[in-house]
Amino acid sequence: MSDPTLTHRITHRHIEVFRAVMTAGSATGAADLLHSSQPTVSRELARLESLLGYALFERVQGRLRPNARALALWDEVQRSWQGLERVVDRAVALGRPDAVQLSVLCLPALAHALLPGAAARLMQHHPQARLSVTPQESPLIEEWMSAQRFDLGLCEQASAPPGTRAEVLLTLDEVAVLPARHPLARQRRLRLDDFAGEYFVSLSADDPYRRLIDARFAEAGVARTLRMETHSAAAVCAMVQQGLGVAIVNPVTALTAASDQLVLRPLAFSIPFSVTALLPLYRPPLPEVAPMLEALRAEAAAIAQRLAQQDE
């Protein structure tokens, strides 16, 4: 256990002198590095050894030869100095306009669909902006936003976790995704009983939307053939595109996945889907937060418009 009185008496200057001597190999060289004098360096070094109660150097023909204790201390000083240099480099970098990153935490589905379009809108008007995107699932999104770890969060729940405020960006219904040549693709809108007996690609059993979807079919007494399941809505769409079945997913992912091989159709029943922005209450906001929110609102409105056109 260290002596607290000794800790306070050994100063940063003592360590600085030790480092200069180790680097230069002599008190004279250390004095040049420190823009000081050789007697001053020798005095400070002797004072450090006196406080420690043991010698760090052997004096050999006017030179200072470090002993085993000095070499062990040197390793620790080097690690600490490197840490200090990183702090200084970071402090200097923060003064540059391109050094600060806007950290965004979001659901994986939104990292694939909503966020890229919003980021493009942001960069169009703020080309110097920098983004760091971390995909994550609930409930870790809510926990990490409550802990003020990110500048902005995107989730599906409308209520604000503790320590955050919430803004609903988008509220739509889930949609069906089908292989383009599937017989159901000829229908304009799909009912629950249209899925009877169909091969169905599901989200994972612990997904809240999976539970809502299963509950609706159970209430209607409609049996599907549950063929595959996965955690990712994007993966669901990829499997549907390969003809492995039909599915119900969020409209943001469905629009992104739509192609010549995959089509989406509105449902005759409602399974609501929301996208909510979470903002930390106690984390100082970066200037980029406001334009990022504006870009997200614009992208959400564009997605809603595209879905409305699909329904016409």
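These numbers come from a predicted model, not from an experiment.

So, how was this worked out
Residues numbered from 1 in each chain as written. Predicted model: local features only at pLDDT ≥ 70, side-chain atom pairs only at ≥ 80, totals over all residues. Heavy atoms only, no water. Core = buried A, V, L, I, M, F, W, Y, C linked by side-chain atoms within 4.5 Å. Buried < 20%, exposed > 50% of the residue type's maximum accessible area, 1.4 Å probe, protein only. Contact = heavy atoms within 4.5 Å. Helix = DSSP H or I, 4+ residues; strand = E, 2+ residues; numbered from the N terminus. Pairing = 2+ DSSP bridges. Axes fitted to C-alpha atoms, helices over the stretch in contact; angles between N-to-C directions.

Moving on, we get to the nonpolar core. In this structure, Val 177, Phe 195 and Leu 296 are the most contacted members of the largest nonpolar core, which totals 70 residues. In this structure Phe 195 touches Ala 176, Leu 190, Phe 200, Phe 217, Val 222, Ala 223, Arg 224, Val 246, Ile 248 and Leu 267, once residues within four positions along its chain are discounted. In terms of nonpolar packing, the next biggest core, distinct from the first, is built from 19 residues, Val 21, Leu 48, Ala 70 and Trp 74 among them.

Time to look at unusual backbone geometry. The amide bond that connects Ser 138 to the next residue, Pro 139, takes the cis arrangement and shows omega of 5°. Here Pro 139 lies in the loop between strand E4 (131–135) and helix H8 (140–146). Positive phi is not limited to glycine here, since His 35 has a value of about 55°. Mapped onto the secondary structure, His 35 falls in the loop between helix H3 (27–34) and helix H4 (38–52).

What follows concerns the sheet that holds strand E12 (residues 272–280). Pairing within the open sheet is mixed, and its 5 strands lie in the order E4-E3-E5-E12-E6. What marks the edges here is a single partner per strand, and that holds for E4 and strand E6 (164–173). Strand after strand, the sheet turns through a mean of 20° between neighbouring axes, direction not considered. In the sheet, strand E3 (residues 102–106) pairs with E4 via 5 bridges, with the strands oriented parallel. Within E4, the residue paired with Leu 102 across the bridge is Leu 131. The sheet strands contacting helix H12 (residues 289–310) are E3, E4, strand E5 (152–155), E6 and E12, and the helix crosses E6 at an angle near 15°.

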